[in-house]
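Each chain is listed here by its residues.
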Amino acid sequence: MGTSLTLFKVFNIEVRVHWSFVLILIYGAFAYAGSDSNVLFGSLYGVLVVLLVFVCVTLHEFGHALHQLLSNSTYPSVSGTSVPRDFVELPSQLMEHWVTEPEMLSIYAKHYKTGEPMPKELIDKIKNSSFFNQGFSNVEIYAASLLDMAYHTLEAPVKIDVQTFEKEYFTRLGLIPEIVSRYRSTYFTHITGGYDSGYYSYTWAAVLDNDAFEAFKEKGIFDKGTADSYRKNILQENGIMDPMQMYVNFRGHEPGIEPYLRNLGFL
Ligand SMILES: [Zn+2]
């Protein structure tokens, strides 16, 4: 198509984007830089980060697409992305891990004049900057996840003031006053609307995807054998066994929390 541009090509799959995405990219760079034009024009680091976020989102959605396309189930209601909520983000979030791998960057992030791949020091800088504030932001998320659970584990109808309930719950939990829940009860839409006690699933999916990527790291991020096993055990076999069993069939064991903690910079 004349109006699209090639973003990258991997496994003989060419990912093309509509030209309007370039405008979104430029807009995003300005949004990232905000009023501090030095951030954008001083180093163009903002543009680089926005580019990586863009690739990340593209691969994330591509992961959902692969899950849907490669599903081999009889019943649509249990195939593709129609799997338990705390499993559905595994195929998508897993894909995000490739974005900053040097082997992957050498495919799509080259210097526009020399064709040189991105230098290791720059990659390290980007990875290190991703550790910033993770403790704070994850405690926010865990607090919201637990609050969601607290509402959904009430055993009988009660008449409560949600702000008092929330305050008492967090005090019991020991949440320090410097950190608040990512969402307060009055605008925490994930409490209902289909998620219903499922806000934790983002964190659980992160435990799964970080552990699953270790399998690729062990044998090589483009290892065909690992990719085939992942396709067979995770993407195809939906609806016929417990997702944890599917995971064990792929990985050989249940997920450990260490890869998740390590990638957040906590270990
Ligand atoms: Zn997703």
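Residue numbers run consecutively from 1 along every chain, following the written order of its sequence. Local features in this predicted model are restricted to residues whose pLDDT is 70 or higher, and side-chain atom pairs enter the listing and the counts only when it is 80 or higher, whereas totals over whole chains, interfaces and linings include all residues.

Participant: Is there a simple way to explain the overall build of the chain in this structure?
Facilitator: Broken down by element type, the chain carries 13 helices and 2 strands. Exposure classes come from backbone-placed C-beta atoms, where a residue is buried if 20 or more other C-beta atoms lie within 10 Å of its own, exposed if 12 or fewer do, and partly exposed in between. Per-residue burial for the chain yields a buried fraction of 19% across its 267 residues. Where helices and strands are cited, they refer to DSSP runs of H or I of at least four residues and of E of at least two residues respectively, numbered from the N terminus.

Participant: What is the right way to look at helix α10 (residues 201-219) in this model?
Facilitator: Taking 1.5 Å as the rise per residue, α10 with 19 residues should run 27 Å; its terminal C-alpha atoms sit 28 Å apart, in good agreement. The complete set of buried residues in α10 reads A205, A206, L208, D209, N210, D211, A212 and F213. Two residues form a contact once the distance between their C-beta atoms, set from the backbone, is within 7 Å. Where α10 is buried, its residues touch α4 (85-88), α5 (90-96), α12 (243-251) and α13 (258-263). Two residues or fewer after α10 comes G220, characterised by a positive phi angle close to 115°. Multiplying 1.5 Å by the helix residue count minus one yields the expected span of that helix.

Participant: How do you make sense of unusual backbone geometry when you look at a structure like this?
Facilitator: Most peptide bonds take the trans configuration, and most residues that are not glycine carry a negative phi. Positive phi values are uncommon outside glycine, yet N133 reaches one of about 65°. Its place among the elements puts N133 in the loop between α7 (120-129) and α8 (134-152). Phi at S197 is positive, roughly 75°, even though this residue is not glycine.

Participant: What exactly am I supposed to notice about the confidence of the model for the chain here?
Facilitator: Note: predicted coordinates in regions of low pLDDT should not be interpreted at a detailed level. In the predicted model, the chain carries a mean pLDDT of 85, and the fraction of residues at 70 or more is 82%. Note that pLDDT drops below 50 for residues 31-41; the model gives that stretch 12 contacts with residues more than four away or on any other chain. Along the chain, pLDDT gives the predictor's confidence residue by residue, from 0 to 100.

Participant: Where do I start with the packing of α8 against helix α9 (residues 162-173) in this structure?
Facilitator: The interhelical angle for the contact between α8 and α9, taken along N-to-C directions, is 120°, at an axis separation of 11 Å. Pair α8 / α9 crosses with right-handed handedness. Residues A143, L146, L147 and A150 of α8 form the contact with α9, whose participating residues are E166, Y169, F170 and L173. For this scheme, ten residues count as nonpolar: Ala, Val, Leu, Ile, Met, Phe, Trp, Tyr, Cys and Pro. Four count as charged, namely Asp, Glu, Lys and Arg, and the remainder, Gly too, count as polar. Within the contact of α8 with α9, the residues separate by chemical class into 7 nonpolar, no polar and 1 charged. Axis lines are fitted to C-alpha atoms, over the contacting stretch for helices. Their N-to-C directions set the angle, which ranges from 0 to 180 degrees. Left-handed describes a crossing whose near helix is turned anticlockwise from the far helix by less than a right angle; the clockwise case is right-handed.

Participant: Sorry if this is basic, but what is going on with the nonpolar core here?
Facilitator: Across soluble globular proteins, nonpolar side chains have a tendency to be buried as a group. Think of a nonpolar core as buried Ala, Val, Leu, Ile, Met, Phe, Trp, Tyr and Cys residues chained together by C-beta atoms that fall within 7 Å. Counting 22 residues, the largest nonpolar core has L59, L90, L94, L208, A212, I234 and F250 as the members making the most contacts within it. With 5 residues, α10 is the single largest residue contributor to this core. Residues in contact with L208, not counting those within four places in the same chain, are L90, Y247 and P255.

Participant: Looking at this model, I keep getting lost on the environment of E140. Mind explaining?
Facilitator: Along the polypeptide, E140 turns up in helix α8. Overall, the presence of 17 C-beta atoms within 10 Å leaves E140 in the partly exposed class. For the pair formed by E140 and R182, sequence separation is 42 residues and the distance between their alpha carbons is 4.6 Å. If we ignore the near neighbours within four places in the chain, the residues touching E140 are I179, V180, S181 and R182.

Participant: Can you walk me through the packing of helix α11 (residues 224-236) against α12 in this structure?
Facilitator: Packed helices, taken two at a time, are described by the angle their axes make and the gap between the axes. Across the interface, α11 lies against α12 with an axial gap of 8 Å and an inter-helix angle of 170°. Considering their axes alone, α11 and α12 lie roughly antiparallel with respect to each other. Taken together, the residues of α12 that come into contact with α11 (itself represented by S229, Y230, N233 and I234) are M246, N249 and F250. When its residues are assigned to classes, the contact of α11 with α12 shows 4 nonpolar, 3 polar and no charged. For classification purposes, an angle smaller than 35 degrees is called roughly parallel, one larger than 145 roughly antiparallel, one from 65 to 115 roughly perpendicular, and anything else oblique.

Participant: It is not clear to me how the environment of F216 should be interpreted in this structure. Could you clarify?
Facilitator: Its location among the elements puts F216 in helix α10. Counting along the chain gives 11 residues from F216 to A227, while the straight-line C-alpha distance between them is 7.9 Å. When residues no more than four places from it in sequence are discounted, the contact partners of F216 are I221, D223 and T226.

Participant: What is the right way to read the environment of D211 from this model?
Facilitator: Within the secondary structure, D211 is located in helix α10. If sequence neighbours within four positions are ignored, D211 has contacts with R251, P255, G256 and P259.

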